[in-house]
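# Examining the three-dimensional arrangement
Take a look at the letters that make up each chain.
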Amino acid sequence: MSLEVLTIMHSEEAPAVAAKQREELVRRVASSVTFEKSPRLRAFFLHVCRCARENKSEEATEPQIAIYVYGRQPGYNPNDDNIVRSQARMLRMKLEHHFANEGKDEPVIITIPKGQYLPIFETRSKEPQLQPPQDTPRKLEPAEEKPHRFPLVLALGAGLFLLGVGWFSYQRFASRNTTAPLSLMAPATTSHSRQNETEPQMNSPLVPSASDAGATRIAAGRMKGTYLDPWGRRWESDRYFEGGVSQPGPLHLFPPVADENLYSSIREAVSDNIMVPQSQREFHYNIPIAPGVYELKLYFADPLRMLDGDGKEKAQDAQNLRHLQVELNGRPLLADFDPVSDAGSAAVDIRVFKDVRPAADGKVHLGFRSDWGRAFVSGLELTQGSPGKLEPIRIWTRQGNFVDANGTRWSGDKYFIDGRTYTYVNPETGPRVPDLYTGERHGNFSYAIPVAPGSYTVKLHFLESFFSPLIPAAHCHGAGCRVFDVTCNGIMLLQDFDIVRVAPGAFQPVVREFHGLHPNGQGKLLLSFSPKVNYAEVRAIEVIDEAK
């Protein structure tokens, strides 16, 4: 599709005509059946279109939309009330639905890209017809067919040759990845750039997870096909189950998560009615696995968390709508478990268990039973572990995995709640930072890192590359430009923390280490980064089990 930003209405060719056509399209969409029962979403839509038409982008920010459309008072804080973000998500869905149905014949469609509120006009391109219609087949004559075969064979041969060269190159590269740092980002020539969370995946191969050998990952309810997640891990379609039914997962997840694919389906009990047979109120997984010690992760994304069908926020959230029991090899694992309550402000919930071993029959048996509300699960993961302790958790704030110069493996960004990402691209000349520190999550955000009961060491990695005196474009330079607090489950780790003030020099990393931290009642190390001056930030996080 060719993109035309709505603000650029006055085209050089026919400014008045272009503007009028777009205004008429906006009116048609606003008066359509799509928005008939959604007056607030219609007002939202018309407001941002007006801002674009009048070139008033300053009135299309989250606080201004809240004031103009939703009647919030001046001084509205988006961190305390996410109505604009949640409604923007619904507006995007409404527009997509409209142009796929009632507006399917419109030559131009309107979208609102994630991360902004100003709409975009997209010319609807016609898909090329790849073959003649079936009712008018065209048979090639031999003289006509012959000249096309050789180029096709030549192209296939060239493709196979290139694949072979690529595979050989990858094998050479992978064999040396413990002696040189590996970054999944393509080199760039600019010295200072911003990227949001939709940082594009590069063509470089993903660094396999250290725990991939012998791992079993199941996307519950997924009936066909496997897929690779953002960290290069393979998830199999649903298998080894007994009972239950496949159901769709949440249509949208908010706050955003690193991997939405995993949560696109669930396996759910048939019923929670105590009058039906027990077999309809539960389901099981019997997973064959090699002898050894494993870590188990259970993933939950409850479709009940979604907004109602009209795009309105529910009067109450989805807590206390279902409770379930989970058993491992016949013993209780989770009792009276409410996944929505357990997730808190996160869109999904993840629970982790260590020291998991197969039963005598060589299988891991997991049972999910309805208490009230039907039992469900979104995904299951078994990875090789160590007796008595969790494997180290290391996260850097960029997509894709990473191996540093010391051979230490870091997972791509995950477990975050809110915040945005920023990427520092090392220039050819000028300040350079270690590869591990080229990504940053910033804002008012948290990390809910799932762990098993125990005591943990947490290492936080920081680096200031934005408010440095070496960045002329920064509106503030040096100490005092960024000040924030960091807590873990309510315990203050860093207060009035200023990276520049404690760093040994410009563009130098700062690492802070904390011991004896314990998960909260939901099995999480909830690390909260709260800004006081400008935004909080972090570059990487390590969590080490202190068990001997």
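You'll find the structure just up there.
What you are looking at is a predicted structure, and each value in this text was computed from that prediction instead of being measured.

All right, on to the nonpolar core then. Ranked by internal contacts, the top residues of the largest apolar core, which has 45 residues, are Y447, I449, F462, L527 and F529. The element best represented in this core is strand β25 (residues 456-462), accounting for four residues. Judged by nonpolar contacts, the second largest core, of 28 residues, contains A220, I266, F300 and V364.

Right, let's talk about the sheet that holds strand β28 (residues 510-517) for a bit. Taken in spatial order, the four strands line up as β18-β31-β25-β28 in an open sheet, and their pairing is antiparallel. Single-partner strands in this sheet number two, and they are β18 (393-396) and β28. Taken over all neighbouring pairs, the strand axes of this sheet differ in orientation by 10 degrees on average, direction set aside. In this sheet, strand β31 (residues 540-545) lies alongside β25 in antiparallel orientation, the contact comprising six bridges.

This brings us to helix α4 (residues 83-100). Here α4 contains 18 residues, and its C-alpha end-to-end distance of 26 Å stays within 8% of the 26 Å for a straight helix at 1.5 Å per residue. Looking only at α4, the buried set comprises I83, V84, S86, Q87, A88, R89, M90, L91, K94, L95, H98 and F99.

Packed helices, taken two at a time, are described by their axes: the angle between them and the distance between them. Running from amino to carboxyl end, helix α3 (residues 62-70) crosses α4 at an angle of 80 degrees, the nearest separation of the two axes being 9 Å. In terms of axis orientation, α3 runs roughly perpendicular to α4. Across the interface between the two elements, E62, I65, A66 and Y70 from α3 touch I83, V84, R85 and Q87 from α4. For the contact of α3 with α4, the residue count by class is five nonpolar, one polar and two charged.

This paragraph deals with the packing of aromatic side chains. Considering all chains together, one arrives at 21 aromatic pairs under this definition. When the ring of F462 is compared with that of F484, the centres are 5.9 Å apart and the planes differ by 50 degrees; the resulting orientation is tilted. Of this pair, F462 sits in strand β25 while F484 sits in strand β26 (residues 483-488), and the two are 22 residues apart along the sequence. Each member of the pair, F462 as well as F484, is classed as buried. Taking 5.5 Å as the distance between ring centres and 85 degrees as the angle between the ring planes, the aromatic pair formed by F484 and F497 counts as edge-to-face. With a gap of 13 residues between them, F484 in strand β26 and F497 in strand β27 (residues 491-497) connect regions that are remote in the sequence. R267 extends its terminal NZ or CZ atom over the ring of F241, reaching a point 3.6 Å from the ring centre. The ring of W231 carries K414 above its face, with NZ or CZ at 5.4 Å from the centroid.

About the cut-offs
Residues numbered from 1 in each chain as written. Predicted model: local features only at pLDDT ≥ 70, side-chain atom pairs only at ≥ 80, totals over all residues. Heavy atoms only, no water. Core = buried A, V, L, I, M, F, W, Y, C linked by side-chain atoms within 4.5 Å. Buried < 20%, exposed > 50% of the residue type's maximum accessible area, 1.4 Å probe, protein only. Helix = DSSP H or I, 4+ residues; strand = E, 2+ residues; numbered from the N terminus. Pairing = 2+ DSSP bridges. Axes fitted to C-alpha atoms, helices over the stretch in contact; angles between N-to-C directions. Expected span 1.5 Å × (residues − 1). Parallel < 35°, antiparallel > 145°, perpendicular 65-115°, else oblique. Contact = heavy atoms within 4.5 Å. Nonpolar A, V, L, I, M, F, W, Y, C, P; charged D, E, K, R; others polar. Phe/Tyr/Trp six-rings, centres within 6.5 Å; stacked < 30°, edge-to-face > 60°. Lys NZ or Arg CZ within 6 Å of the ring centre and 35° of its normal.

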